[in-house]
Structures are given as C-alpha cells and as structure tokens.
Amino acid sequence: MSSNSNFSDSDDSQLRADALEYHRSPVRGKIEVVATKPLSNQRDLSLAYSPGVAYACEEIAADPAMAADYTSRGNLVAVITNGTAVLGLGNIGPLASKPVMEGKGCLFKKFAGVDVFDLELAENDPDKLVDAIAMLEPTVGGINLEDIKAPECFYIEKKLRERMNIPVFHDDQHGTAIISSAALLNALKVVGKDIGAIKLAASGAGAAAIACLDMMVSLGVKQEHIWVTDSKGVIWQGREANMEANKARYAQATDARTLADIMVDADVFLGCSTAGVLTAEMVKTMAPKPVILALANPEPEIRPEVAKAVRPDCIVATGRSDYPNQVNNVLCFPYIFRGALDCGATRITDEMKLACVGAIARLAEAEANDTVAEAYAGQDLTFGPDYIIPKPFDPRLMAAIAPAVAQAAADSGVAARPIDDMDAYRARLGEMIYHTGFFMKPVFAKAKAAVRRVAYAEGLDPRVLRAVQTVVDEGLGRPVLIGAADAVAQAIKAAGLRLQRDVDYELAELDASGDATLQGTQMLKSGVVDALICGMQGSYDSHLEHVRNEIGTAPGAGALAAMNALVLDKMTLFITDTYVNDNPSAQELADITRLAATELRHFGLEPKAALLSHSIFGSSERPSARKMREARELLAHSAPELALIGEVHGDAALSEEIRRLYQPAGETGSGAGGFAGSANLLVMPSLDAANILFNVLKVAAGKGVTVGPILLGAAKAVHILSPSATVRRIVNMTALAVAGVR
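To start, this report covers the structure provided alongside it.

Thresholds applied
Residues numbered from 1 in each chain as written. Predicted model: local features only at pLDDT ≥ 70, side-chain atom pairs only at ≥ 80, totals over all residues. Heavy atoms only, no water. Salt bridge = Lys/Arg side-chain N within 4 Å of Asp/Glu carboxyl O. Helix = DSSP H or I, 4+ residues; strand = E, 2+ residues; numbered from the N terminus. Buried < 20%, exposed > 50% of the residue type's maximum accessible area, 1.4 Å probe, protein only. Pairing = 2+ DSSP bridges. Axes fitted to C-alpha atoms, helices over the stretch in contact; angles between N-to-C directions. Polar contact = N/O pair within 3.5 Å; in protein donor to acceptor, adjacent residues only side chain to side chain. Contact = heavy atoms within 4.5 Å. Right-handed = clockwise from strand over helix to strand, strands pointing away. Disulfide = S-S within 2.5 Å. Expected span 1.5 Å × (residues − 1). Arc of directions from axis to C-beta. Phe/Tyr/Trp six-rings, centres within 6.5 Å; stacked < 30°, edge-to-face > 60°. Lys NZ or Arg CZ within 6 Å of the ring centre and 35° of its normal.

Side note on the pattern of salt bridges
Then comes step 1: Per the stated rule, a full pass over the model turns up 35 salt bridges.
Then comes step 2: Between K247 and D230 there is a salt bridge; the shortest N-O distance is 2.9 Å. Taken as a pair, K247 in helix α11 (residues 245-248) and D230 in strand β6 (residues 226-230) lie far apart in primary sequence, 17 residues in all. Each member of the pair, K247 together with D230, is buried.
Then comes step 3: Ionic pairing is found between R320 and E299, a salt bridge with its closest N-O pair at 3.4 Å. Highlighted residues: R320 in the loop between β10 (315-318) and α15 (333-342) and E299 in the loop between β9 (291-294) and α14 (304-310), separated in sequence by 21 residues.
Then comes step 4: Assessed through its relative accessible area of 0%, R320 is described here as buried.
Then comes step 5: With relative accessibility at 28%, the residue E299 sits in the partly exposed group.

Structure representation (structure tokens):
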C-alpha cells in the first residue's frame, strides 16, 4: 500500500474512482474459480463425478498422501484474516478486508502460480479462530494468516502450528522479517560491520517488529544490543504499561525512555511503527555508516532524502516502490509457499525462513543478467548502498528462493515429497514466471527509466485520454496529443480527467493535412517526438501507409510485420503476422521470425518459435507447407541460435507429447539444445491465419494481458493499434514504444 508523495487530493480522488471501477468491472472482484479439466460430454462427467470420482476417493482413503496427486490441495493456500489489523486501515473487520485478501490471492497466482481461497472469518476470539482454521486442513495445502492484530496473531499462529500438519505462515510477521533481515545482512556487508557487534534501535513492537527482531537475533544480532520503543516509550525492565510477553523479551535495564535516547550510537534503526517518528536530529546521533530500515507504510518513519541530508553515509530501506531498497513482502511469500507446497512440507521451519533470507541476500549480490538489466534500464543494479535487496519483479526470484526453501525443508525433515532433481526444478520454475501477467513489468520498468515524448494521433479519443492519464501518473512518458486545443480540452473535461496542458501533456495542433497519423509520422521522422501511437480510428492499412512512406523499414529488418501477444492461463503466446503481410514468402517469414524473436528478448523471454501449418514434418506437399519448410531452412542459416520447430500443427507446437507422436527419429528442432516444451512464438503462414487465431484466442481464453499489435521492423518506435484497443492496451503499447526507442 505504498503511496506517491506527489499525489494531490484530486489525484487521490481520481485514483479512488479508478480503483473502484477496477474492482467493479468487467466482473466484480479480482478472482474466480475455474475448472482445470474438460467437462463437455457424458464421458467427462463420468470421470469428473460419479462414478469415476470414487476411484480417486478410494486412493486417498487408502493413502492420504495421494491427495497431492488427485486433487488441487497440493497447490492451494488459504489466505485467512479476521480484519483486525489491515495494513494502513486498522480494524475494519472481515468483510471490508476482503478486497485485500483477494489481492493477496492475485499475487500468489501471478507471481508463483499458487491457487488461493481467501477466507474472511467473523471471529475475534483467538481460540475459536484457531478451531475454525484448523478444521480446514483437509481442504488446503497451506495457511497464510494475514492482517490479524498483535498479540493475538502470535498465539493463533503458535496454536495452529501445533495442531496442523501443513505450513502455517503469518506473512505480516515472517514476510517482513525475512526481507528486512536480508536487507540487514547485505547492508552490514556494504558498510563492513560485524552483525554480532552492532547496536540496534527499534521503533514498534507489534507482530512485524517482534518477528524482525527474532529473525535478526537468529542471524547473529545480540539480544542485549537491542533497544525497543513502542507507543509508551522504551521497553525497559520493570515497565508495566502496555507490556506482554513478546515485548518483555526485549526489555532492557536502562534509564532511557525515548526513541531519541536509544538512537545515540545506534548502528541500525528498525522501524515498524508510524510515519515521521525518526527525526533528522536523531539520525545525526547514530554511529558512522548507519543502516536505517524505515518500514512504516505508506509513509516511512523518515524519508530517505531527509536521512541522507544529515548523514550522507547512511543506507536506507523503506517499504515504498519509489525509493531504492524496497522491503516488499512479495519478495518472499509467493516463493516460500511455492517451495513448501512442491516438496510437501508439513510446516515452515526456521531453517526454511533462513534459507529464504539467504537466497534473497545472495540474489542482490549476483550480477544483473541481461533480462534484469534491461528491465530496470537506467538504474544502478550494482550491489551497494542503493541495491541491497533485489527488485520485487526480478524474474530470478522464484528460481532462487523456492528451491532453497524446498531443500531446507528436506534437510530439516519436514518434506513429505523431497525434490530429487533441483536443477530440473529450477528450470521449471524459471519458465513458470513468464506464464503470468507480469511479463510486461520489465517493459514498464524500462519505460519509467527513460524520458520520451510520445505522440498520440487520436488525441480526442476518451480511451486515449484515460490511457494518457495513467501514462502521466505512472511516469511512462511525456504525452503529446494531436488535435485542436479546444476540442482536446473539452474531451478531457468530459472524461473527468486531471490532465493539464503544458503540465501533463503537450498539444500539437492538427495541421493543414487534417491527417493526424500523417502528422504524427512526420513529427517522429523529424525527431520532434520519440514515439507514436495511432490506429484507434480508421483502417490499419491507412495508418501503415503513412508509416511506410514517412518512417520506413529499419536497416537489416527486411520487412514490416505485426505481432500480438496473449497471456493465457497456462502460457504466454506471441502470434505473427497479424496485420501486415497477406501471404508472406519464405524469405519474408524468415525475416518476420527474426524480428519477432528479437522483440521477445526485449520482454526478457527466450524465444521458442514454431512455424505453423496444416502440415507437420513434411506430411504435405502443398505450396503453403513447402513455404514453411523453406522458411525454416533459411532461418537455420540466418539465425542458427534460435530455438525453432516446424512445420508443425498448432497443437504440436504447444505440446511436446503430441509433437512426439509425429516427430521423425532424430528431429529435435533447430537451435542450441534443440527444441523442448512449448513454443511461445507462433509464426503463421498468412495474415488471415494469424489474425483469426489471435482474435479467437483473445475472446475465448485471453482474460489476461493482451499486447499489440506490435509493429516490427520500423525504423522508429511506432505502433498501430486497432479500433478495439482498450485503455489498458494503449498504456501497454505506450510503455512498449518508449522502451523500444533506440
């Protein structure tokens, strides 16, 4: 729940309206339950229910461990709250907390592929709550406790861990503790201090703060070197006000009574309290090279710029995304459950949490690979004061954390299904992250790191204006709207937006040509703008003609083409050529495939291309089949590094099992190591085939992110959208255009 400090009251009002509409439409809420098996005929019914279901029931009755094979329990977590301590909102009750819990379910699914039932329980009695949650053990494979107030949360988790034989994890405690501990380890490494010798001063003694302190003690911080304050002041031996057992463990025999008192000579400040409690004067009194973990959300105990103004030698981490070193629980909870579920862990042990800490800390020290570097272009990702923990959207997180957690579970004897081949497990996890809606995140990060001027040909379209509002709010680009000044102003007012001319956007008055796309391409050609978005009105071909004439083809591109992307439930697919070439030749197909493969790499994806046909591995001699085979031969010479299969049927491109039924002996596909698994780039033999496939999938299965059309091969960053483009797609394409400026 981080906030943007630059938001005004009107910004908040608009954000509120947008957020409510987001939750309301096109369907209410953020999650749904979908079937994973077909149920389209009597045979399916007999397998799914009576009589076939009885066989699965019998197997589980004979061996409860078989529930992991025959049900979804092994990939299902219950996110549970009673709404007594919702972050930033307090005790709002279980019903009002449901949007937060649904959101937590979305993060589990998107980041780690873990399914969630969110359960909001109207019960404040800790023992009754324990009884209710414990009864869920046959249903789910893990319990994520969320937003339950202290001290009850400690008791509830303890009792559930004693009673249940599945992982129980209170994220408010342990998630924050794990991430902040990884930050502490790396910060101390940067400043060269011994963890056993540091003095730590803490503000806050709730669930998160106590869990952080306990974790840091287990890592080597001496308990006698820890001083803690709460709303009543320093926790000292003999104090009676507002004391309970978890706080009392950190009571010191001291005359200090205020946070200012204990900050003197402190090496580390840990804040899990409230905004502004740490002052610049207090920071001045800290030891050399202090580490400040100011984790209050949405506003930290002290802003980094305030701390650095008085102590330039300090390292600061906060919970905010607009500063370096964000302590964000999403770095942890999806992946610790991923590892725990995959190995059948019966609980989450201290060893598993420490393994998570170590994996996160090591990843921050690792050299940024090409994917991460491109995703966060313009940001220094070198291990140091401003990079002590990984970015929340580092795609390497799952493959780093989940195996470490699963191995620790096995080592500590709680893994019911230990993972034998960790290398294969890491590879499988690495692929999974890109089958989520977050494949656009690297593009957004790169766009935010650049300052580019983006022209919009349809400057009066309400969808464009709403998208431009998001572009401004998110810092994705500097919009230039093409249109008549009065008409644009009226359209902005009619849409109820906050956009101000010469503040949020620039205006380019429509010139004498009367053709906004022509004007936009000329502006792009002359360098007045860096990128262009058009196509929401009129025919694709009319816009394409201007791009051809004014912008032209990039050197070495060979062709212009269009590609669309779909994030489906099980995979992300890119389809080409959807708009430009009616019946491309073999050479054009080879050129298009190379351009598309390069674009996939900009998303951080390794392309795996399939040349699709009615033919499979030479089964037909019709011209279209021969064309696809010739394209493959050309690619084998011009792009030998590209993983490539073809010509193949559509189902064989996505299923290695189906492909194996047709594949000739010795045929493994082109590219280093051959071709395994599913293709992510589908190259179609004609425009009709590509466009029809994309639009059918978009409606039938494309509930996730839809990106495109992505124009390939143009000499400058320009994308021609379609009249069906949504606000979200316009925003996505803006980010892609900005990220693609060379």
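Observations concerning the sheet that holds strand β12 (residues 478-482)
Then comes step 1: Taken in spatial order, the 5 strands line up as β13-β12-β11-β14-β21 in an open sheet, and their pairing is parallel. The strands lining the two open edges of the sheet, one partner per strand, are β13 (506-508) and β21 (717-720). Adjacent strand axes in the sheet meet at a mean angle of 20°, parallel and antiparallel pairs treated alike.
Then comes step 2: Bridge count for strand β11 (residues 453-456) against strand β14 (residues 531-534) is 3 bridges, and the pairing is parallel.

Quick notes on the side chain of N680
Then comes step 1: Within the secondary structure layout, N680 lies in the loop between α28 (656-662) and β19 (681-683).
Then comes step 2: A relative accessible area of 13% places N680 in the buried class.
Then comes step 3: Within the structure, the side chain of N680 is placed 2.7 Å from the backbone nitrogen of K608, a separation counted as a polar contact.
Then comes step 4: Once residues lying within four places of it in the same chain are set aside, the contact partners of N680 are T572, L573, F574, L600, E606, P607 and K608.

With respect to the sheet that holds β19
Then comes step 1: With mixed pairing, 6 strands are arranged side by side in an open sheet as β18-β17-β19-β16-β15-β20. Two strands close off the open sheet at either side, each with one partner strand: β18 (643-648) and β20 (706-712). When strand polarity is set aside, the average angle formed by the axes of neighbouring strands in this sheet is 20°.
Then comes step 2: The pairing of strand β15 (residues 561-567) with strand β16 (residues 572-576) spans 5 bridges and is classified as antiparallel. The residue bridging V567 from the neighbouring strand is T572, located in β16.
Then comes step 3: Along the sheet face, helix α25 (residues 586-602) touches β15, β16, β17 (608-612), β19 and β20 and points at about 165° away from the line of β19.

Thoughts on the pairing of β17
Then comes step 1: In terms of residue burial, β17 counts as a mostly covered element, since 5 of its 5 residues are buried.
Then comes step 2: Side chains K608, A610 and L612 of β17 all project onto a buried face; the interleaved residues A609 and L611 project onto the opposite face, where all are buried too.
Then comes step 3: Bridging between β17 and β18 involves 5 bridges; their strand directions are parallel. By the bridge assignment for β18, K608 is matched with A643.
Then comes step 4: Handedness of the β17-helix α26 (residues 623-638)-β18 crossover: right-handed.

Points about the state of the cysteines
Then comes step 1: Applying the stated criterion across every chain yields a total of 0 disulfides.
Then comes step 2: Here C153 is not cross-linked by a disulfide; its sulfur's nearest cysteine counterpart is in C212, at 12 Å.
Then comes step 3: Accessibility expressed as a relative area gives 2% for C153, which makes it buried.

Things to note about helix α24 (residues 540-551)
Structural remark: α-helix, 3.6 residues per turn; residues separated by three or four positions point the same way.
Then comes step 1: Taking 1.5 Å as the rise per residue, α24 with 12 residues should run 16 Å; its terminal C-alpha atoms sit 16 Å apart, in good agreement.
Then comes step 2: Regarding α24, the residues found buried are Y540, H543, L544, H546, V547 and I551. An end-on view of α24 places all buried positions within 155° of arc, on one side of the element. What points out from α24, more than 90 degrees from its buried face, is the exposed set D541 and N549.
Then comes step 3: The inward-facing, buried residues of α24 abut α23 (516-526), β14, β15, β20 and β21.
Then comes step 4: Just beyond α24, the residue with positive phi is G552, at close to 80°.

Digging into the packing of aromatic side chains
Then comes step 1: Inspection of every chain in the model, using the stated rule, returns 4 aromatic pairs.
Then comes step 2: Feature note: the residues F108, F169, F333 and F337 constitute an aromatic cluster, connected by ring pairs.
Then comes step 3: The ring of F333 has K104 lying over it, and the distance from NZ or CZ to the ring centre is 4.1 Å.
Then comes step 4: Between K199 and the ring centre of W227, over which it is positioned, the NZ or CZ distance is 5.2 Å.

With respect to unusual backbone geometry
A negative phi angle is the norm for most residues apart from glycine, just as the trans form is the norm for most peptide bonds.
Then comes step 1: The omega torsion of the bond from A150 to P151 falls at 5°, within 30 degrees of zero and hence cis.
Then comes step 2: Following T576, the chain continues to D577 via a peptide bond in cis, the omega torsion being 0°.
Then comes step 3: At K289, a residue that is not glycine, the phi angle is positive and equals roughly 50°.
Then comes step 4: Turning to its location among the elements, K289 is positioned in the loop between α13 (280-284) and β9.
Then comes step 5: The exposure class of K289 is partly exposed, given its relative accessible area of 41%.

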